[in-house]
Amino acid sequence: MTSSPSSTGTASAGAEPPVHPVRVMSPEEIAVNAGPRAAPVRLPEPGLFAERALRLRQLADGHAMRDYLLFAAALAQAQHELLKQPRALKLPDETAVASAMVGGLPPVDALRHPREAVWREELRALLDAIGRSSIPEPAQALVAQLGGAEDAWLEQQAGALLAGGAPGLDPAAAPLIAAALQVHWTRLVTQLQLRYDRSDQGENLPPFGMIDDPTVCPCCGSRPVASITRVAAEQSGQRFLACSLCGAQWHYVRIKCTHCQGTKGISFQHLVDAGGKKAEAVAAECCESCGHYLKQVHMEKDLQVEPLADDLATLTLDLLVGELGLVRQGFNPLLVLGEPEAARDSGPPGGVAASPPDPGGR
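Cut-off values and rules
Residues numbered from 1 in each chain as written. Predicted model: local features only at pLDDT ≥ 70, side-chain atom pairs only at ≥ 80, totals over all residues. Heavy atoms only, no water. Buried < 20%, exposed > 50% of the residue type's maximum accessible area, 1.4 Å probe, protein only. Helix = DSSP H or I, 4+ residues; strand = E, 2+ residues; numbered from the N terminus. Pairing = 2+ DSSP bridges. Arc of directions from axis to C-beta. Contact = heavy atoms within 4.5 Å. 1 Å grid on protein atoms, 1.4 Å probe; cavity = no way out; pocket = protein on both sides within 12 Å on 5 of 7 lines; lining within 4 Å. Points joined across faces, edges and corners; volume = space filled by probe spheres on them. Salt bridge = Lys/Arg side-chain N within 4 Å of Asp/Glu carboxyl O. pLDDT = per-residue confidence, 0-100. Axes fitted to C-alpha atoms, helices over the stretch in contact; angles between N-to-C directions. Left-handed = near helix turned anticlockwise from the far one by under 90°. Nonpolar A, V, L, I, M, F, W, Y, C, P; charged D, E, K, R; others polar. Phe/Tyr/Trp six-rings, centres within 6.5 Å; stacked < 30°, edge-to-face > 60°. Lys NZ or Arg CZ within 6 Å of the ring centre and 35° of its normal. Lys, Arg positive; Asp, Glu negative; His and termini not counted. Polar contact = N/O pair within 3.5 Å; in protein donor to acceptor, adjacent residues only side chain to side chain.

Notes on the pairing of strand β4 (residues 239–243)
A regular strand places its side chains on the two faces of the sheet in alternate fashion.
And step 1. β4 sits mainly inside the fold: five of its five residues count as buried.
And step 2. The alternating pattern of β4 places Arg239, Leu241 and Cys243 on one face and Phe240 and Ala242 on the opposite face, and all of these are buried.
And step 3. One ladder, built from five bridges, connects strand β3 (residues 224–229) with β4; its direction is antiparallel. Residue pairing across strands places Thr229 opposite Arg239, the latter belonging to β4.
And step 4. Where β4 meets strand β5 (residues 249–251), three bridges bridge the pair, whose relative direction is antiparallel. Within β5, the residue paired with Leu241 across the bridge is Trp250.
And step 5. As consecutive antiparallel partners, β4 and β5 are separated by five residues, and within that stretch Gly247 has a phi angle of approximately 85°, a positive value.

Things to note about helix α10 (residues 315–323)
And step 1. What α10 keeps buried is the set Leu317, Asp318 and Val321. Down the axis of α10, the smallest arc covering the buried residues is 100°, so these residues share one side. Away from the buried face of α10 by more than 90 degrees, exposed residues Leu319 and Glu323 are located.
And step 2. The inward-facing, buried residues of α10 contact β6 (266–270), β7 (282–287), β8 (292–298), α9 (307–312) and β9 (327–328).

A look at empty space enclosed by the protein
And step 1. If you walk through the whole model with that rule in mind, you get four cavities of 30 Å³ or more.
And step 2. Volume-wise, the largest cavity comes out at about 50 Å³.
And step 3. Contributing to the lining of the largest cavity are Leu48, Arg52, Val225, Ala242, Cys243, Gly247, Gln249, Glu306, Pro307 and Leu308.
And step 4. Within the residue set of the lining of the largest cavity, elements represented by two or more residues are α2 (48–60), β4 and α9.

A few points about the pattern of salt bridges
And step 1. Taken as a whole and assessed by the stated rule, the structure comprises 22 salt bridges.
And step 2. With a shortest N-O distance of 2.5 Å, Asp318 and Lys295 are connected by a salt bridge. You can see Asp318 sitting in helix α10 and its partner Lys295 sitting in strand β8, a full 23 residues away along the chain.
And step 3. Overlapping salt bridges bring together Arg115, Arg120, Arg124, Asp151 and Glu155 as one network.

A look at the confidence of the model for the protein chain
And step 1. The predicted model of the protein chain averages 85 in pLDDT, with 81% of residues at 70 or higher.
And step 2. Scored below 50 in pLDDT, residues 27–36 makes 13 contacts in the model with residues more than four places away or belonging to other chains.

What to know about the packing of helix α3 (residues 66–83) against helix α8 (residues 174–197)
And step 1. Packing of α3 against α8 brings their axes to within 10 Å, and their N-to-C directions diverge by 30°. Crossing angle aside, the handedness with which α3 passes α8 is right-handed. Facing Tyr68, Phe71, Leu75, Gln79, Leu82 and Leu83 of α3, the residues of α8 in contact are Pro175, Leu176, Ala179, Gln182, Val183, Thr186 and Arg187.
And step 2. In the contact of α3 with α8, the residues fall into nine nonpolar, three polar and one charged.

Brief notes about the pairing of β3
And step 1. Within β3, six of the six residues are buried, which leaves the element mostly enclosed by the surrounding structure.
And step 2. In the sheet, β3 pairs with β8 via three bridges, with the strands oriented parallel. Following the sheet pairing, Ile228 is matched in β8 by Val297.

Some thoughts on the environment of Gly247
And step 1. Checked against the element boundaries, Gly247 lands in the loop between β4 and β5.
And step 2. Sequence-distant contacts of Gly247, defined by excluding residues within four places in its chain, comprise Pro44 and Leu48.

Some details on the packing of aromatic side chains
And step 1. Applying the stated rule across the entire model yields one aromatic pair.
And step 2. Here the guanidinium or amino end of Lys256 rests over the ring plane of Tyr252, the centre of that ring lying 5.7 Å away.

Quick look at the side chain of Arg230
And step 1. With respect to the helices, strands and loops of the structure, Arg230 is situated in the loop between β3 and β4.
And step 2. Buried within the structure, Arg230 lacks any salt-bridge partner; Glu45 is the closest side chain of opposite charge, at an N-O distance of 5.8 Å.
And step 3. A polar contact is formed between the side chain of Arg230 and the side chain of Gln249, at a distance of 2.9 Å.

Written out as structure tokens, the structure is:
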């Protein structure tokens, strides 16, 4: 692992040059003057889960976490197929959307928006699909046990997940429950935007835009899983945070902490292979000021990067950065390392294992 500072300076000997006052632009000013601006919010696209499944299969080849990455790929493919099926949801009315926008809040906040029981139908459909796929026996057992879990327990687990991994969350069941919640919130965001697109746009406010807190998703209020620097057209070189829940992405200036929003003491950590070559497609942006970090994936280094998939496949980087005493800011619901005792105490009837999922049985 290597570290690279966010800025460097040089000095030379000789006659003293005349002193002129220099004004340093803020990151926001730099972004404004950097060229054309892309739309600040990118809503989830129909192929979100299919692209994730493809990337996970690519990353699994020769990877130490091959079995789990292939399991996650099968889960993402099942999400894609489920999202293609029509399912009408109850959306917030125009007054609620306008109130959220005026208040600088996400319109379908994961912790405030009423959670319909229909998400559990999404979960059971996913369990049925993934149970019929080629997954290892331990994962099959987990799917079967989770299928018999009580609704009250599932709702408690959903609440803990949407809170970013609250106490009592079962890390073994979390990826499957999270997958259903991801499909549900992706539908919510997509259908709310579609309603606006079909409405009299002169009478209604757009449902999605930047909110008061730039560190959380402007659609659902969830934490990012990672950030991505893009290369397409007016978005080239611009950084977006990627939502861990609904899949939306929103603009956030580069070299700025996503926890404390500071711009000083930023450095980047990378993995280095046995030959000394730095893995440049994924980096951890580290903040000395608050001690947090978030991963960045760079399309200019690898066009196929996908924030959640590449975050999952670089767990080693998390472990190494963690050894430096830094705290992870991103949240990946497909790999929640919880407290086994808390999870065991709150487990469902049927005894889903409390340890993190291990489809390979190792």
